[in-house]
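Examining the three-dimensional arrangement
Spelled out from the first residue to the last, the chains are:
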Amino acid sequence: MPAAYLIADVEESTPRWERDARAMRLAMKRTAALVEAAVVRHGGSIYQAVADEVFVLFEGGDPLACALEIQRAIQSEPFDEVGGLLLRLGVHAGPVETGGAPDPVSANRASRIAACAWGGQIVVSGEALEAFAMPPGAWVEDFGAVRLRGVFSPVRLYGLLCDGLRQSVFPPPRVNALEAPALPAASGP
């Protein structure tokens with residue numbers, strides 16, 4: 001069974017840090033506690049946390065239910081001191097290296113998938129949906145195959161939804177437009 005790679009990132013965090021770093025530190029401390037509690041409850045482990053991004057690795061457990069719990073927990077907190085706070089979550093499935101280290105290709109894809117999400121949204125790869133159980137009461141919105149920045153082949157993406165989330169309708173995923181291949185320069189008339 002593949003591992004799950006979950007990335008959680010605060011949307012629009014830079015202006016919040018710039019406006020009030022002290023308040024943002026407190027908000028991020030609360031966020032970290034909520035994320036860690038959900039991760040532990042669902043059998044994952046925090047591999048790395050830097051600034052406002054958390055990288056979680058699951059070698060078992062229930063990553064999709066974890067993602068939903070994280071969103072519900074964050075959305076239940078007002079975070080008024082920083083003008084509100086929304087997380088973008090991405091979940092992907094892939095191998096781990098010998099010794100349990102993350103596979104760099106899978107980790108990079110998970111990061112690109114999270115970058116496609118809007119604040120309050122969970123974006124999941126087709127590989128993750130195939131590998132892990134759908135949480136009770138959850139459903140997905142099919143975004144189709146998209147091109148992620150730096151990824152050579154299209155990746156099938158889905159929005160993971162359930163009752164209890166603040167928002168269930170989002171703009172299309174944040175993906176780069178398909179780039180047309182460069183045409184060779186004309187050599188004649």
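Just so it is clear, the model here is predicted, and its values are computed rather than measured.

1. Comments concerning the overall build of the protein chain
For the protein chain, the count of helices and strands is five helices and seven strands. Along its sequence from the N terminus, the protein chain presents helices and strands in the succession β-α-α-β-β-α-β-α-β-α-β-β. In terms of C-alpha radius of gyration, the protein chain reaches 18 Å, essentially the compact-globule figure of 16 Å for 189 residues. If one aligns the C-alpha atoms of the protein chain with their principal axes, the spans along those axes are about 65 × 40 × 35 Å.

2. Section: the side chain of Glu11
Position of Glu11 relative to the elements: it lies in the loop between strand E1 (3-10) and helix H1 (13-19). There is a polar contact of 3.1 Å between the side chain of Glu11 and the backbone nitrogen of Gly119. Apart from the residues lying within four places of it in its own chain, the contact partners of Glu11 are Arg16, Leu86, Arg88, Trp118, Gly119 and Arg174.

3. Here we look at the pattern of salt bridges
Under the definition given, this model contains six salt bridges. Across the pair Arg88 and Asp9 runs a salt bridge, and its minimum N-O distance is 2.4 Å. Remark: Asp9 occurs in strand E1 and Arg88 occurs in strand E4 (residues 87-94); sequence separation between them is 79 residues. Exposure remark for Arg88: the relative accessible area of 14% places this residue in the buried category. By relative accessible area, Asp9 is classed as buried at 11%. Residue Glu81 pairs with Arg30 through a salt bridge whose shortest N-O separation is 2.8 Å. In this pair, Glu81 is assigned in the loop between helix H3 (63-76) and E4 and Arg30 in helix H2 (residues 21-41), connecting sequence segments 51 residues apart. Taking relative accessible area as the criterion, Glu81 reaches 35% and is therefore assigned partly exposed. A residue is classified by how much of its surface remains accessible, and Arg30, at 29% relative accessible area, is partly exposed.

4. Brief notes about the packing of aromatic side chains
According to the stated counting rule, one finds two aromatic pairs in the structure shown. Between the aromatic rings of Tyr5 and Phe55, the centroid separation amounts to 6.0 Å while the plane-to-plane angle is 15°, which identifies the pairing as stacked. Remark: Phe55 occurs in strand E3 (residues 53-58) and Tyr5 occurs in strand E1; sequence separation between them is 50 residues. Overall, Tyr5 belongs to the buried group, its relative accessible area being 0%. Under the relative-accessibility criterion, Phe55 is labelled buried at 9%. Geometrically, the ring pair formed by Tyr47 and Phe55 is edge-to-face, given 5.4 Å between the ring centres and 65° between the ring planes. Looking at Tyr47, the relative accessible area reads 47%, which means it is partly exposed. Sitting above the plane of the Trp118 ring, Arg174 keeps its charged end 3.7 Å from the centroid.

5. Describing unusual backbone geometry
Despite not being glycine, Ala51 shows a phi value in the positive range, around 55°. Locating Ala51 in the fold gives a position in the loop between strand E2 (45-50) and E3. Since its relative accessible area comes to 64%, Ala51 is described here as exposed. We note that Phe79 has phi near 50°; this positive angle belongs to a residue other than glycine.

6. Concerning the confidence of the model for the protein chain
Residues at a pLDDT of 70 or more form 93% of the protein chain, whose mean pLDDT is 92. The low-confidence segment residues 177-183 (pLDDT under 50) makes one contact with residues lying over four places distant or belonging to another chain.

Scoring rules and cut-offs
- Residues numbered from 1 in each chain as written.
- Predicted model: local features only at pLDDT ≥ 70, side-chain atom pairs only at ≥ 80, totals over all residues.
- Heavy atoms only, no water.
- Helix = DSSP H or I, 4+ residues; strand = E, 2+ residues; numbered from the N terminus.
- Rg over C-alpha atoms; globule rule 2.2 N^0.38 Å.
- Polar contact = N/O pair within 3.5 Å; in protein donor to acceptor, adjacent residues only side chain to side chain.
- Contact = heavy atoms within 4.5 Å.
- Salt bridge = Lys/Arg side-chain N within 4 Å of Asp/Glu carboxyl O.
- Buried < 20%, exposed > 50% of the residue type's maximum accessible area, 1.4 Å probe, protein only.
- Phe/Tyr/Trp six-rings, centres within 6.5 Å; stacked < 30°, edge-to-face > 60°.
- Lys NZ or Arg CZ within 6 Å of the ring centre and 35° of its normal.
- pLDDT = per-residue confidence, 0-100.

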